[in-house]
Each structure stands twice: as C-alpha cells, then as structure tokens.
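Coordinate analysis (summary)
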Amino acid sequence: MTQEAGRTLSNEEIKQELYKEIELKLDISVKGINIDREELKKLDIKAGPDLPGNRSGVLPPWNFVNSRIPDDRIGGGGFGQDYIDPLYGLEVEDGKPYIYKYGRNKTKIGEVEFKERKRPEILNRLTSDGVPFYSIASINDAGQVHVNYSQICVLKDKGEDCYFCNYGVRNAIVKNPKQVGEVFSELYLAGVGKHLNLTSGFMQERRELEYYLDVAEEIRKRTGLKEFRGTAVIGAPVDLSQIEKYKEAGFFSVRMNIEIWDKYIWRAICPGKHNHCGGWENWVKALERAVEVFGKGKVASNIVGGIESKKTILEGIEYEVSRGIVGSASTWRPVKDSFLEGHRTPETYWHLDLQKKIAAEYKKYGFTYADLHNVSPSAGLAVDIFHVEEEAFENGKLIPWRYPEAVKA
Ligand code: SF4
C-alpha cells in the first residue's frame, strides 16, 4: 500500500498504472514523435553536440512529470529523427512541454520534462597522455561506464553489415586500451564507476580479443582487482577457447548478441556474422561455452525484436534462458542508412506481448533482478516488466537499479 496525494494505492493499482505507462512509452517509441523546432524554441533546452553524451540533433532524455518509472529506464525513445509519419507530437503551452497523440482525434497525453545531463566533474580530468576522460567514456546515474572504443565495424566496409544496423564509420578513431583502462579505473577508484560496458563493432581480422585483454590488464594494474565488474561485448569467436581468456583477464560477464534466432533468416540478415563467426551453430555453441566459463546470468544475447516471427524469437529466448543465458529482445525501429530503412516494425501490442513473455521466462528459470544486471546494458523492457511483477516499489514508483559495491580481491 502507498499513500499518495490523499489516496491509498494498493500494489495491484500501482502495477496497473505502471503497465499503462510502459505501454504508452513503448507506443511512443514505436510510432514516434514529431519534433517541431519552432515549438522547441519556446523551451530552454540544449540539444546537439554541446550536450555531454548527446548526439547531434537528438533531444536529452525525457520523462513524464510524476512518472512511476525511473528516469534511466524507459524514456528518450521516440525523439529520434527517423520517423516518416509520427503519431505523437510535442507542443509547448505556458512554457511547459506536453505530448499529444494525433490521429482521428487529438489527445493530450501528459506533461513531460527533459533531463539535462550534467557532465560529472571527474570526466573533465585528463588521461596521462592528455585526453579528456569524457572523450573516452560516459557514465549514467547508476554508475555504468559506457565505452564505445571505436565507431568502426569492418563488416560495413565489406558490405556485410547486419541489415538492421547503421553503425560504422570508416577511418574512425580507435581509443587506446590504456586510456580506456585508465579512465575506468579512475572512475572506479573514485567510487562513481561501478560497471564497465566495453563495446564496438568488429575490428579488422577480428582483433577484439587482443584489445580487450590490454584494457583488462590496465584495469587490474591500476585497481589491484583480479576481477572487475565489466562486460565484454563481443562477436562469437571462431576459436571457442578464447572465451576463457576474457574470464582470466578479469571480465565479469560477456555479451554476444545473436540478433536473429531463426538460422536461415540469420544468414540473410547478418551475413557478416555468418561469414566471420563460424556460422549460427558456432554462435550458439559460444553462448553455451560462455555460461560454462562465466556462470548463469553472466552471459547475455539479444535478438532484434520484430524482424522474424514471435514464435522463433521465443524459441530462442527459452533455449537461452533455460541454459542460464540472459536472452532478450530489443524493440526494432528501422533506422536510416540501414538496409532495412523504410521497413516497419510490428505493432505495439506485439512488442508488449513479447516482452511480457520474456519476463515470464526469467521468472520460470529463477533469475533475480540482480542477475539481470550482471551483463550490461541490461536486458531492457522485459527486465522492467519482471521488476513490476516483483512489485519492487518505493513511494509508488519502480525502484531504480543500484549496483552493489565491488569487493576487492
Ligand atoms: S550489429 Fe552487425 S553491422 Fe552493426 S556493429 Fe554489430 S556486427 Fe557490425
């Protein structure tokens, strides 16, 4: 029970309201919001590259005023620029932004607020070779340190990039592993960096292993930790014995996103992964091997939700989750400059039903909320639904994720 503005709310009522909000935010993410620059000028918000962690032209994260969902969970979706015919819009009234739904009738949905990201002071420090920390890593409110060590994915150069992906810049800078190790270590030692998420596209000749081991060595040297809370986001290695090397180097968990479960569709949609990672069967074997090495809940794999049937996605999720792998599905939004630009994602109810079924798999196979945060980034909407079902509420809101304090080895 929660007392709220003179009324008493049961957990069941809070759950119903949370589900309404989840569905609404999902619908906004699927159908999109029109951004009218003239309306935005009425607000004092920064948008663009001057805002830390913000891509040019993309607005800061947002949330509904009085939302029951923590700011870092669901929000920010829908304000991308890739929607051709968005159903929602933003209008400013008396200096306050409101979301409207258009269509047959115009409906006022609710007031929103933008969360201006302030760069933590520590990110203004310089590495030993004079590079600002903020150019190497970003950090969220929970303490997850995100490092995208390069914007390169060599699959793009080969014309073998995954059909849903628009990632990959030719001749992009590769951040030096020493810089990455130094920045994470400093953030960790200052008590603000809790979990490293280390990711990129594919490197030339699949040299990811070498890179990750160099980062890990630097972190071990600087922190004294034998194992650090860090996720290596990688492609499945052809030589499966490489998986042990990530563990020995000190990584806590590993993510290998298979993207598509149906092996025939996989081959068509992910030609580069098929050609350079030993095929679909090897990817699945790599996931199984990784669970043997890292343990239950420390291996994750995402499927892009909406390209293949729900039936095959759920077969994949059950296969993975029953073996201790955190299987998840993202909500596919076809992006500009991908091979699937101009396609459509399934309806909101399709995505919501998929996420509820995935959340039920986590419960069936005994995952805890903490297990679902061992691998970064966490498995998304199904994790929030799992949390709602656990009735993890604080003052009528869903409790935000907090990392446990790391234990020094
Ligand atoms: S999803 Fe595919 S194309 Fe995109 S970065 Fe990853 S491996 Fe490269």
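Residues numbered from 1 in each chain as written. Predicted model: local features only at pLDDT ≥ 70, side-chain atom pairs only at ≥ 80, totals over all residues.

Each helix and strand counted, the protein has 12 helices and 16 strands in total. Taken along the three principal axes of its C-alpha coordinates, the protein extends 60 × 50 × 45 Å. In the protein, of all internal contacts separated by at least 6 residues, the share reaching a separation of at least 24 is 71%. (Helix = DSSP H or I, 4+ residues; strand = E, 2+ residues; numbered from the N terminus. Contact = placed C-beta atoms within 7 Å.)

Before going further, it helps to examine the site of the ligand. Residues in contact with the ligand, as listed here, are Cys153, Leu155, Asp161, Cys162, Cys165, Tyr167, Gly201 and Phe202. Tallied by class, the residues present in the shell around the ligand amount to six nonpolar, one polar and one charged. (Near = placed C-beta within 6 Å. Nonpolar A, V, L, I, M, F, W, Y, C, P; charged D, E, K, R; others polar.)

Running from N to C, helix H1 (residues 11-31) and helix H12 (residues 381-389) cross one another at 170°; their axes reach a closest spacing of 11 Å. Classified by the angle their axes make, H1 and H12 are roughly antiparallel. Between H1 and H12, the contacting residues are Lys15, Leu18, Tyr19, Ile22 and Leu26 on the first element and Leu381, Asp384, Ile385 and Val388 on the second. For the contact of H1 with H12, the residue count by class is seven nonpolar, no polar and two charged. (Axes fitted to C-alpha atoms, helices over the stretch in contact; angles between N-to-C directions. Parallel < 35°, antiparallel > 145°, perpendicular 65-115°, else oblique.)

To continue, consider the sheet that holds strand E14 (residues 326-331). Within a sheet, each strand pairs with its neighbour through backbone hydrogen bonds, oriented either parallel or antiparallel. Pairing is mixed in the open sheet, where seven strands are placed in the order E8-E9-E10-E11-E12-E13-E14. The strands lining the two open edges of the sheet, one partner per strand, are strand E8 (138-139) and E14. One ladder, built from two bridges, connects strand E12 (residues 251-255) with strand E13 (residues 299-305); its direction is parallel. From the neighbouring strand, arginine 255 faces E13, where its bridge partner is alanine 300. Relative to the sheet, helix H9 (residues 279-294) contacts E12 and E13, its axis offset from that of E13 by approximately 145°. (Pairing = 2+ DSSP bridges.)

Here the focus is helix H5 (residues 208-223). Helix length check: H5 (16 residues) gives 23 Å between terminal C-alpha atoms against 22 Å at 1.5 Å per residue, within 8%. Considered for burial, the residues of H5 that qualify are Glu208, Tyr211, Tyr212, Val215, Ala216, Glu218 and Ile219. The buried residues of H5 occupy one face: seen down the axis, they fall within an arc of 160°. Those residues of H5 hidden inside the fold are in contact with helix H4 (177-189), strand E10 (195-199), strand E11 (228-233), helix H6 (242-249) and E12. A positive backbone phi angle near 80° is found at glycine 224, which sits one or two residues after H5. (Expected span 1.5 Å × (residues − 1). Buried ≥ 20, exposed ≤ 12 C-beta atoms within 10 Å, placed from the backbone. Arc of directions from axis to C-beta.)

Read from one edge to the other, the open sheet built from five strands follows the order E3-E5-E6-E7-E4, with strand pairing classed as mixed. Edge positions in the open sheet fall to strand E3 (33-34) and strand E4 (62-64), since each of these has one partner strand only. Across six bridges, strand E5 (residues 88-93) lies against strand E6 (residues 96-101) in antiparallel orientation. Bridging across to E6, leucine 90 finds its partner in isoleucine 99.

Moving on, we get to the nonpolar core. Ranked by size, the top nonpolar core spans 81 residues in total, and within it Phe184, Val254, Met256, Ile260, Trp283 and Val299 carry the most contacts. No other element matches H9, which puts seven residues into this core. Ignoring any residue separated from it by four or fewer positions in sequence, one finds tryptophan 283 in contact with Ala236, Met256, Ile258 and Cys277. Ranked by size, the runner-up nonpolar core spans five residues in total, among them Ile28, Ile33, Leu90 and Ile99. (Core = buried A, V, L, I, M, F, W, Y, C linked by C-beta atoms within 7 Å.)

Before going further, it helps to examine H12. With eight of its nine residues buried, H12 lies for the most part within the structure. Among the residues trailing H12, glutamate 391 stands out with phi positive, at a value near 55°.

A separate point is the packing of helix H10 (residues 310-321) against helix H11 (residues 348-364). Interaxial distance between H10 and H11 falls to 10 Å at its minimum, and their mutual angle equals 20°. In terms of orientation, H10 lies roughly parallel with respect to H11. Classified by chirality, the crossing of H11 by H10 is right-handed. When H10 is examined against H11, the residues Lys310, Ile313, Leu314, Ile317, Glu318 and Val321 are found in contact with a partner set consisting of Trp350, Leu354, Lys357, Ile358, Glu361 and Tyr362. (Left-handed = near helix turned anticlockwise from the far one by under 90°.)

Okay, the pairing of strand E9 (residues 144-148) next. The pairing of E8 with E9 spans two bridges and is classified as antiparallel. Bridge pairing in E9 links isoleucine 139 to valine 145. Hairpin geometry of E8 and E9 is characterised by an intervening segment of four residues between the two adjacent antiparallel strands and by a positive phi of about 105° at glycine 143. As paired elements, E9 and E10 share five bridges and run parallel to each other. Counterpart to valine 145 in the pairing with E10 is leucine 196.

Domains assigned within the protein are domain 1 (35-114) and domain 2 (121-398). Computed from C-alpha atoms alone, the centre-to-centre distance between domain 1 and domain 2 is 27 Å. (Domains from an automatic or database assignment.)

E12 sits mainly inside the fold: five of its five residues count as buried. In the sheet, E11 pairs with E12 via four bridges, with the strands oriented parallel. In the sheet register, threonine 231 faces E12, and the bridge partner there is serine 253.

This part covers unusual backbone geometry. Cis geometry marks the peptide bond from serine 376 to proline 377, where omega comes out at -20°. Of note in the backbone geometry, aspartate 94 takes a positive phi value of approximately 50° without being a glycine. One non-glycine residue, glutamate 259, lies in the positive phi region at around 75°. Residue position: glutamate 259 is located in the loop between E12 and helix H7 (263-269). We classify glutamate 259 as buried; it has 22 C-beta atoms within 10 Å.

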